[in-house]
Amino acid sequence: TEVVACPDAASCRRACGVASGCSNVAYPKLVVGLLPHGLRGLMLAVVLAALMSSLASILASAGAIFSLDLYGRLRPDATQRRLLVVGRLFMVLLVGLSLAWLPVVRAAQGGRLFDYIQAVGSFLTPPIAALFFLAVFVPASTNP
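A short tour of the structure in this document, coming up. (Residues numbered from 1 in each chain as written. Predicted model: local features only at pLDDT ≥ 70, side-chain atom pairs only at ≥ 80, totals over all residues. Heavy atoms only, no water.)

Quick look at the packing of helix H3 (residues 37–74) against helix H4 (residues 80–107) now. With their axes 8 Å apart at the nearest point, H3 and H4 run at an angle of 125° to one another. One element, H3, and the other, H4, form an angle in the oblique class. H3 and H4 meet at a crossing whose hand is right-handed. Residues Leu 59, Ala 60, Ala 62, Gly 63, Phe 66, Ser 67, Leu 68, Tyr 71 and Gly 72 of H3 lie in contact with H4, whose contacting residues are Arg 82, Leu 83, Val 86, Gly 87, Phe 90, Met 91, Leu 94 and Val 95. Split into classes, the residues belonging to the contact of H3 with H4 amount to 12 nonpolar, 4 polar and 1 charged. (Axes fitted to C-alpha atoms, helices over the stretch in contact; angles between N-to-C directions. Helix = DSSP H or I, 4+ residues; strand = E, 2+ residues; numbered from the N terminus. Parallel < 35°, antiparallel > 145°, perpendicular 65-115°, else oblique. Left-handed = near helix turned anticlockwise from the far one by under 90°. Contact = heavy atoms within 4.5 Å. Nonpolar A, V, L, I, M, F, W, Y, C, P; charged D, E, K, R; others polar.)

This is the structure:
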């Protein structure tokens, strides 16, 4: 508990390397401290499977949107194979950009990933909500 709930910045920096708190280590500490050996591996597999599933769906959706909606409109004569290759290349580009963005995520919000995700979400939610309300309440904003 001294690691997760460290009382001051100096002890937090000693325990986990971040002065603002060690909340990022709470879940791994619980898994290692409470679960027996067989269930630890199962829990690790479950977490990794959920992460990989989320990343795969995000990348597949982004690749499809780019290749069909953007590239397909720029090149209407593109074959299905060409659209597939362009979508996959866009996914590789996105993976490269996300790997390059990791130092920014680590430095932002004192290294707390959850806080960073919440901050990014707070910037994206108002425009998405505005578009939703426009689509619902303003008939001219959508195609019939």
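So, about the side chain of Ser 67. Its location among the elements puts Ser 67 in helix H3. Judged by its relative accessible area of 5%, Ser 67 falls in the buried class. At a separation of 3.4 Å, a polar atom in the side chain of Ser 67 contacts the main-chain carbonyl oxygen of Ala 64. Ignoring sequence-local partners within four residues, the contact set of Ser 67 consists of Gly 72, Leu 83 and Gly 87. (Buried < 20%, exposed > 50% of the residue type's maximum accessible area, 1.4 Å probe, protein only. Polar contact = N/O pair within 3.5 Å; in protein donor to acceptor, adjacent residues only side chain to side chain.)

This part is about the layout of surface pockets. Its volume calculated, the second largest pocket comes out at about 520 Å³. Along its surface, the second largest pocket is lined by 14 residues, and Leu 55, Ile 58, Leu 59, Leu 94 and Ser 98 are the ones closest to its centre. The set of elements that each furnish at least two residues to the lining of the second largest pocket consists of H3 and H4. Of the residues that constitute the lining of the second largest pocket, the class distribution is 12 nonpolar, 2 polar and no charged. (1 Å grid on protein atoms, 1.4 Å probe; cavity = no way out; pocket = protein on both sides within 12 Å on 5 of 7 lines; lining within 4 Å. Points joined across faces, edges and corners; volume = space filled by probe spheres on them.)

Mapped onto the elements of the fold, Phe 123 is located in helix H5 (residues 113–137). The class for Phe 123 is exposed, based on a relative accessible area of 66%. Put simply, Phe 123 and Asp 8 are 115 residues apart on the chain and 30 Å apart in space, counted from C-alpha to C-alpha.

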